[in-house]
Structures are given as structure tokens and as C-alpha cells.
Amino acid sequence: MSRREILVDTDLCYGCFACEVACKQEHSLPVGTKRINVIQVGPMMVGGKLEMAFVPMKCSHCTKAPCIDACPEGVITRRSDGIVLINTESCFGCMACLEACPFGVIQMNPANGLADKCDLCVDRVDAGLQPACVQYCPTGAL
């Protein structure tokens, strides 16, 4: 099976936040929780012109995911297609995965106090669909 991942073309992202909205709606996420977070870089002066960039940040489903090794209960696993998942039924909220993530994309869900991150819309992927953030990105940046 081929590896599943989302590639980001930051040149195409203009900060509309449609990916954040699509993700929140797809997963019914509570206020204060994001599985994808668009970061604004700038404004900054480049070549005498004012520029600004946007970078969508989400779980990279790392090949050697440090969150998997950091979890003392083994509730973070990788599927054969590379998708890294957290079994929230077994997570007890120790936050070791948050500290291990080099990108800071794992967070605590305020509704249940457990680790939460992008699951690449695994149910959509299993149904042959694109992740919600990819489907609803108007520029094709994702």
C-alpha cells in the first residue's frame, strides 16, 4: 500500500483558513481545538516590498514518529499506509506525545483532556475520499 500524506505548497496558500474550518466541521472539534493550524509569517520586508506568507501546520505522520516511542501506553500506532493514529479510548492524557512532537501539532483536547492530532481523515481515506482539508482547499495548496 502506498504511503498516505498531505503535501503543502506554501506558495499557493493565501491564508483563507478553509482547511481549518473543514477539519473542525469534519471532526466536530470543540472551540480551542485544531488539527490543522494555519500560521501567518510576516508581514516582512522582502526586496523592498511588504510580504506575508501562510503555512498550514498539521501532523506529518512522520516516518520515525517520536510520539509513538514517547507514549508509555502504546496508544499511538502507525497503519500500514503510514497514518499515525491515537487510540483515545486508551489514552490517559500524560502529554508525553506533546513533548515529543518536534512540530508541536499534538494538543490536548479541552473536551476530554486527551491527546488529539490530525488523523488524515482516516474514515474519509478508507472510503476513497481525500482528507477534508485537501478537498476544501480552494487554491490546491494541500
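This report concerns the structure included in the present document. (Residues numbered from 1 in each chain as written. Predicted model: local features only at pLDDT ≥ 70, side-chain atom pairs only at ≥ 80, totals over all residues. Heavy atoms only, no water.)

Looking at the overall build of the protein
Helix and strand counts for the protein stand at five helices and six strands. When the elements of the protein are put in sequence order from the N terminus, they spell out α-β-β-α-β-β-α-β-β-α-α. Relative to the compact-globule value of 14 Å for 142 residues, the protein shows a C-alpha radius of gyration of 16 Å, a close match. Its C-alpha atoms give the protein principal-axis dimensions of roughly 50 × 35 × 30 Å. In the protein, which comprises 142 residues, the share counted as buried stands at 38%. Long-range contacts, defined here as pairs at least 24 residues apart, represent 50% of the contacts in the protein between residues at least 6 apart. (Helix = DSSP H or I, 4+ residues; strand = E, 2+ residues; numbered from the N terminus. Rg over C-alpha atoms; globule rule 2.2 N^0.38 Å. Buried < 20%, exposed > 50% of the residue type's maximum accessible area, 1.4 Å probe, protein only. Contact = heavy atoms within 4.5 Å.)

Side note on helix H1 (residues 18-27)
Buried within H1 we find Cys19, Glu20, Ala22 and Cys23. All buried residues of H1 lie within an arc of 165° about the axis, which places them on one face of the element. Taken together, the buried residues of H1 touch strand S1 (36-46) and helix H5 (132-135). A positive phi of about 50° marks serine 28, the residue just after H1. (Arc of directions from axis to C-beta.)

Considering the packing of aromatic side chains
Evaluation of the coordinates by the stated rule reveals one aromatic pair. Between phenylalanine 17 and phenylalanine 54, the aromatic rings sit 6.4 Å apart at their centres with planes inclined by 85°, giving edge-to-face as the arrangement. Of the two residues, phenylalanine 17 is situated in the segment before H1 and phenylalanine 54 in strand S2 (residues 49-58); the sequence distance between them amounts to 37 residues. You can call phenylalanine 17 partly exposed: its relative accessible area is 31%. Residue phenylalanine 54 is classed as buried on the basis of its relative accessible area, which comes to 10%. (Phe/Tyr/Trp six-rings, centres within 6.5 Å; stacked < 30°, edge-to-face > 60°.)

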